[in-house]
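In case you want the letters, here they are:
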There are 2 protein chains.
Amino acid sequence: MLDDLFSPASIAIIGASRDENKIGNVILRNLVSSGFPGRIYPVNPSYPEIMDLKCYPSVKDIGDPTTIAVIVLPARVVPQTVEDCISAGVKFLIIISGGFAETGPEGKKLSDRILSLIRNSGTRLIGPNTVGLYLPYSNINTTLTSYSRVSFPPPGNIGFISQSGALGLLTMDAISEYGIGISAFINLGNRLDVDETEFLDFFESDSRTGSVAIYMESVADGRAFYERIRRFNSRKPLVILKAGRTAQSAVAASLHTGAMASNDSIFDGMLSQAGSVRAYDETELVDYARVLAYSKLMTGNRIAVLTTAGGVGVISTDYISDSRGIKPLQMARLSENTKDQIRKVIVPYGSAENPIDLTADGSVSDYDRVLEILMRDDDVDAILVYALPQTPKMNMGVVDVVEKHMKAGKPIVVGVLGYKIAKQLLVEFERRKIPAYPSVNRSVKSLGALYGYSAFRRVRQ
Amino acid sequence: MLDDLFSPASIAIIGASRDENKIGNVILRNLVSSGFPGRIYPVNPSYPEIMDLKCYPSVKDIGDPTTIAVIVLPARVVPQTVEDCISAGVKFLIIISGGFAETGPEGKKLSDRILSLIRNSGTRLIGPNTVGLYLPYSNINTTLTSYSRVSFPPPGNIGFISQSGALGLLTMDAISEYGIGISAFINLGNRLDVDETEFLDFFESDSRTGSVAIYMESVADGRAFYERIRRFNSRKPLVILKAGRTAQSAVAASLHTGAMASNDSIFDGMLSQAGSVRAYDETELVDYARVLAYSKLMTGNRIAVLTTAGGVGVISTDYISDSRGIKPLQMARLSENTKDQIRKVIVPYGSAENPIDLTADGSVSDYDRVLEILMRDDDVDAILVYALPQTPKMNMGVVDVVEKHMKAGKPIVVGVLGYKIAKQLLVEFERRKIPAYPSVNRSVKSLGALYGYSAFRRVRQ
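Because the structure is predicted, anything quoted here is derived from the model rather than measured.

**Observations concerning the overall build of chain A**
Helix and strand counts for chain A stand at 16 helices and 20 strands. Over its C-alpha atoms chain A spans a radius of gyration of 25 Å, differing by no more than 12% from the 23 Å that the globule rule assigns to 461 residues. Seen through its principal axes, chain A has C-alpha atoms that stretch 80 × 45 × 35 Å. The buried share of chain A, reckoned over its 461 residues, is 64%. Considering only contacts in chain A between residues 6 or more positions apart, those separated by 24 or more positions represent 74%. With an accessible surface of roughly 16100 Å², chain A has 50% of that area assigned to carbon and sulfur atoms.

What follows is the structure, given as structure tokens:
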């Protein structure tokens, strides 16, 4: 049903502007810059053309039933424009404008009017009060923030749905630093018509989407949502950041999106029953979505840690052994045979006990040999590998080694601390779809997320 | 007593090498690169000179009592070299070499021999088994990792002591990304002679050090350590990352540094009694040290949140209101007067309730006016300000505004999410010594650390 939204033949920008300070200018520029290959129709009665594109006085004058119309007009004139779009045969409306139900009774009336128009038509609506969509595989960017202010991520495997537009834009900007890709970014806005469940339908069948990350402050229909995400989780992992957890933040959330949040402990139980991993902030949301999109499932919770820095191994053991990870993990007990084999690889002052410490003498080929050994030990369910670039024998070759073992065997999560060479390593791991994180804590928690989802899938199947 | 270590007239590198793959080469190169203005004496009988510096066959041939001798030789010849250094009048030895007590009984004998030599002399020893020191105010870098592999931070206000060398180097590398500065980095190694308490004495009286961060796996003398850090905390804040918290990680720690860790809950109570904030990983360690070095104390735990993105305000409220922050904080209840004044600044669809949401319309001058209002509200103890660069009216001017209010009034912590412009903002905030963090969670937890330490100081004084 939403398929045409993801591969439209044409997009109209109603309220396109020549004024660079106007949102109607930014959106048109973003769409042109993103390289959309279809037809683009600026609509604005004031101009004959904008950015060398022919400009139309009204959507009715285009004379081509456009797939998508993006509306950037004052709220009060939007209902009439919606009517025009419907009669022009537009399939999808994206209403960027705010000033509807979120602002009070007057705005609510405008919302109701739009809803009744849409209900009696074949046209579907995203928004209003959305910052737009970013669909990198379709070269579509209808968001209201300019490329000079935020970076947009490359095409990737995470479907990203956000109730908050700003949080979505900021998160996309942040993950771009590491080249982390997404399959689509959807800001739902006021969810007058299309809501998250329909996008879940799309993502479930979209082969490029490996996992979905949702930021939400409220659920429209709890029961329906539960059923939908439980079904989704039995096929693909869904990570949910539900904010407004406490009484006070629930009030803040209702002021923000105009919807009342439900009791958080009920929601928490629902997520867990439905197999969704819960994130508590914007960093965890993407961290977990990555490990879930890139990894096989874990068959148990026993982790082997491989490092060249003893201290990093000790802190990892702390997080794995205590309850600070989100799901109970445990340090694997290596068999005597495994330890004997590891001892043949490492220097005498290294440690063959878990956490395995190769010391600063650890080379990329040592990593290769030790990973080989660990992959054969049935008491190890997953491996946390640190690629720490401060030691002289560490180099980019470690990425090939980890990739080879991850493809052939058990799940691997990589920790890369530092900056100078660490950044290049993180970007390269990401390019190969190997989950890598810049801190001990984030690495261990991501393993916990993978284990939590794996446990749900094991019971379900 | 350690003063000469921080401003030496001369440094000898015993075991300096021309071979670029040798640590004796890296350390000499690091010392030269760091711009040390004193005399540098390479010592190695094989060469007449290295890197255009005259090379001496033995430390006894230098004919100038050097302040510091860095020893990079095989463990078995180190005792003789120590004897030579003592007779040559060297004040401080930094023994980089490993192969001592951490490797077993043979190494222990070498350690004991060195200790007895030192004990009967006026020479002091750091190490053995240390990666070296980095003292940016003195232009001294004796660490064993090359500038091509890790970045070293600029001069700053955090004293950094680490029992793990690699963790120290990786952390310095990581914080360099944001221009976070340190006053000194000390890797204690096996602590045969000088330990953390003497460095605490130095940092306590060092005016450039605003806070100290320690990574440790074990304490030599628990009682003495408690007394020392309690006294220290009554003057300056000390953040401690004590790893080896769980039974399993304690074993890993003992394999790593050869010292047995004590019961963690006892340690935890001790830290809290002594007024130290506890960090649980390498990120928290520096995050907390920064807020403590840069901020005034908080007089209470009531936080006002100022944002241009509603979702960010809601997640912040979650973290502030529940127990996930390290110390119980609470959302400030703004007075009616405060809210009335804020309403005059913000757009109608913004929120004057805490979290205060200026929406995407928030400008830098709005921030200025709202901060002015919040500074006057007696029910607000500290302010969490989000500088979010995705909105068109946000710019670098926000740094000036925050700096002005932070200097004049209550503590401020800044959250900056994203990458493209966010990175520049984070670096600029850091340059002005304003604590700024790239995530909601890290911003709130740092406020919790500041409150925890403030509460200790309030009781103590």
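**Focus: the pairing of strand β10 (residues 155-162) of chain A**
Residue and element names in this part refer to chain A. Most of β10 is tucked away: seven of the eight residues are buried. Two elements, β10 and strand β11 (residues 182-187), share six bridges in a ladder whose sense is parallel. Across the sheet, S162 pairs through a bridge with N187, a residue of β11. In this view, the connection linking β10 to its parallel neighbour β11 by way of helix α5 (residues 165-176) has right-handed handedness. Pairing between β10 and strand β12 (residues 211-216): five bridges, direction parallel. Looking at the pairing, I161 lines up with I214 of β12.

**Examining the relation of the copies chain A and chain B**
Note on the identical chains: chain A maps onto chain B by a rotation of 180 degrees and an axial translation of 0.0 Å, with an RMSD of 0.0 Å. Here the copies are linked by what is in effect a two-fold axis.

**Focus on the sheet that holds strand β8 (residues 133-135) of chain B**
Residue and element names in this part refer to chain B. Spatial strand order, β9-β8-β11-β10-β12-β13-β14: seven strands in an open sheet with mixed pairing. What marks the edges here is a single partner per strand, and that holds for β9 (140-141) and β14 (277-279). As judged from the three bridges shared by strand β13 (residues 238-242) and β14, these two strands associate in the parallel manner. By the bridge assignment, I240 is partnered in β14 with R278. In the packing of helix α6 (residues 196-205) onto the sheet, the strands contacted are β10 (155-162), β11 (182-187), β12 (211-216) and β13, and the crossing angle to β10 comes to about 165 degrees.

**Here's the deal with the interface of chain A and chain B**
Each side of the interface is counted separately: chain A has 69 residues, and chain B has 69 residues. Note on chain A versus chain B: buried area summed over both sides is about 5300 Å², and carbon and sulfur give 57% of it. A per-residue breakdown of the area chain A buries against chain B is headed by R149(A), L170(A) and Q390(A), which together make up 14% of the total. The tally of links from chain A across to chain B stands at two salt bridges.

**Some remarks on unusual backbone geometry**
The peptide bond linking N354(A) to P355(A) adopts the cis configuration, its omega dihedral lying at 5 degrees. Mapped onto the elements of the fold, P355(A) is located in the loop between α12 (336-345) and β17 (356-357). For D52(B), which is not a glycine, the phi torsion comes out positive at approximately 65 degrees. Mapped onto the secondary structure, D52(B) falls in the loop between β3 (49-50) and β4 (53-54). For D52(B), a relative accessible area of 75% gives the class exposed. Residue R191(B) is not a glycine yet carries a positive backbone phi of 55 degrees.

**Some points on helix α6 (residues 196-205) of chain A**
When you tally the buried positions in α6(A), you get seven out of 10 residues, the bulk of the element. Within α6(A), burial applies to E196(A), E198(A), F199(A), L200(A), F202(A), F203(A) and E204(A).

**Quick notes on the environment of F225(A)**
Residue and element names in this part refer to chain A. Mapped onto the secondary structure, F225 falls in helix α7 (residues 222-233). Expressed as a C-alpha distance, the spacing of F225 and T197, which sit 28 residues apart in the sequence, is 7.2 Å. With residues up to four places along the chain from it excluded, the contact list for F225 reads E196, M216, V219, I240, F267 and M270.

**A closer look at the nonpolar core**
Membership of the largest hydrophobic core comes to 188 residues, with the highest contact counts inside it found for V398(A), F429(A), V398(B) and F429(B). For F429(A), the contacting residues outside a window of four places in its chain are A387(A), V398(A), V399(A), V402(A), V414(A), V416(A), I434(A) and A436(A).

**Quick word on the pattern of salt bridges**
Residues and elements named next belong to chain B. A complete count under the given rule lists 74 salt bridges over all chains for this structure. Measuring nitrogen to oxygen at the nearest pair gives 3.4 Å for the salt bridge that ties E353 to K339. Of this pair, E353 sits in the loop between α12 (336-345) and β17 (356-357) while K339 sits in helix α12, and the two are 14 residues apart along the sequence. Classification of K339 as buried rests on a relative accessible area of 9%.

**As for the pairing of strand β2 (residues 39-43) of chain B**
All names here are of chain B. When you tally the buried positions in β2, you get four out of five residues, the bulk of the element. Sheet topology places strand β1 (residues 10-14) next to β2; five bridges connect them, and they run parallel. In the strand pairing of β2, I13 is matched with P42. Traced from β1 through helix α2 (residues 23-33) to β2, the parallel crossover comes out right-handed.

**Quick word on the packing of α12(B) against helix α13 (residues 364-376) of chain B**
Residue and element names in this part refer to chain B. Packing of α12 against α13 brings their axes to within 10 Å, and their N-to-C directions diverge by 175 degrees. Relative to α13, the element α12 is oriented roughly antiparallel. Between α12, through T338, Q341, I342, K344 and V345, and α13, the contact on the second element is made entirely by D366, R369, V370, I373, L374 and R376. Classifying every residue of the contact of α12 with α13 gives five nonpolar, two polar and four charged.

**Here we look at the packing of aromatic side chains**
Residue and element names in this part refer to chain A. Evaluated as defined, the whole model comprises 18 aromatic pairs over all chains. Taking 3.6 Å as the distance between ring centres and 5 degrees as the angle between the ring planes, the aromatic pair formed by F6 and F202 counts as stacked. Here F202 lies in helix α6 and F6 lies in helix α1 (residues 3-6), a separation of 196 residues in the sequence. Grouping residues by exposure puts F6 and F202 together as buried. Three or more aromatic residues joined by ring pairs make a cluster, and in this case those are F6, F199, F202 and F203. Directly above the aromatic system of Y137 lies the positively charged group of R208, at a separation of 4.5 Å from the ring centroid.

**A look at helix α9 (residues 264-274) of chain A**
All names here are of chain A. When α9 is considered as a whole, its buried residues turn out to be D264, F267, M270, L271 and A274. Relative to the axis of α9, the buried residues are bounded by an arc of 120 degrees and lie together on one face. For α9, the exposed residues set more than 90 degrees away from the buried face come down to S265, I266 and S272. Just downstream of α9 lies G275, where phi reads positive at about 85 degrees.

**Looking at the sheet that holds strand β14 (residues 277-279) of chain A**
Residues and elements named next belong to chain A. Sheet architecture is open: seven strands sit in the order β9-β8-β11-β10-β12-β13-β14, paired in mixed fashion. At either margin of the open sheet sits one strand with a lone partner, and together these are β9 (140-141) and β14. Along the sheet, α5 contacts β8 (133-135), β10, β11, β12 and β13 (238-242); its crossing angle with β11, the most-contacted strand, is approximately 155 degrees.

**As for the side chain of T391(B)**
Assignment of secondary structure puts T391(B) in the loop between β18 (382-386) and α14 (397-408). Among the polar contacts listed, one links the side chain of T391(B) to the backbone oxygen of L388(B), at a separation of 3.5 Å. The residues contacting T391(B), other than those within four sequence positions of it, are R149(A), T308(B) and A360(B).

**Re the side chain of S218(B)**
If you trace the backbone, S218(B) turns up in the loop between β12 and α7 (222-233). Within the structure, S218(B) has its side chain in polar contact with the side chain of R191(B) (distance 3.0 Å).

Thresholds applied
- Counting from 1, residues in each chain are numbered in the order their sequence is written.
- Throughout, the order in which chains and ligands are written sets their labels, letters from A for the former and numbers from 1 for the latter.
- Owing to the predicted nature of the model, reporting of local features is limited to residues with pLDDT of at least 70; listing and counting of side-chain atom pairs is limited to 80 or more, with chain, interface and lining totals taken over all residues.
- Only hydrogens and water are set aside when side-chain values are computed; all heavy atoms of the structure are taken into account.
- The way it works is that DSSP assigns letters per residue, a run of H or I at least four long becomes a helix, a run of E at least two long becomes a strand, and they are numbered from the N terminus.
- Note on method: radius of gyration uses C-alpha positions; expected globular size equals 2.2 Å times residues raised to 0.38.
- Burial classification: accessible surface area is computed with a 1.4 Å probe over protein chains only, and a residue below 20% of its type maximum counts as buried, one above 50% as exposed, and the rest as partly exposed.
- In what follows, a contact means two residues having at least one pair of non-hydrogen atoms within 4.5 Å.
- Only the protein chains shown count as cover for residues, with accessible areas throughout obtained via the Shrake-Rupley method and a probe of 1.4 Å.
- By definition, two strands form a pair when at least two bridges between them are found by DSSP.
- For the handedness criterion, the strands are oriented away from the viewer, and a crossover whose path from the first strand over the helix to the second runs clockwise is classed as right-handed.
- Here the copies are matched by least squares. The fit uses the C-alpha atoms of residues with pLDDT of at least 70 in both.
- Here an axis means a line fitted to C-alpha atoms, over the contact stretch when the element is a helix, while the angle between two N-to-C directions is reported on a 0 to 180 degree scale.
- Defined in terms of a 1.4 Å probe, buried area is the accessible area two parts forfeit on being brought together, summed over both.
- Whenever Lys or Arg places a side-chain nitrogen within 4 Å of a carboxyl oxygen from Asp or Glu, that contact is recorded as a salt bridge.
- Definition of nonpolar core: a set of buried residues of the types Ala, Val, Leu, Ile, Met, Phe, Trp, Tyr and Cys, connected through side-chain atoms within 4.5 Å.
- Working rule for angles: under 35 degrees goes down as roughly parallel, over 145 as roughly antiparallel, 65 to 115 as roughly perpendicular, anything else as oblique.
- Residues are grouped as follows: Ala, Val, Leu, Ile, Met, Phe, Trp, Tyr, Cys and Pro are nonpolar; Asp, Glu, Lys and Arg are charged; all remaining types, including Gly, are polar.
- Two rings belonging to Phe, Tyr or Trp (six-membered ring only in the last case) form a pair when the distance between their centres is within 6.5 Å. Interplanar angles under 30 degrees mark stacking, angles over 60 mark edge-to-face geometry, and anything in between is tilted.
- Here, a charge over a ring means that NZ of Lys or CZ of Arg falls within 6 Å of the ring centre while also lying within 35 degrees of the ring normal.
- Note that the arc is computed from the directions linking the helix axis to the C-beta atoms.
- Two N or O atoms count as a polar contact when they lie within 3.5 Å, although within protein this holds only if one can serve as hydrogen donor and the other as acceptor, and sequence-adjacent residues are included solely when both atoms are side-chain atoms.

The analysis is restricted to geometry; functional conclusions fall outside its scope.
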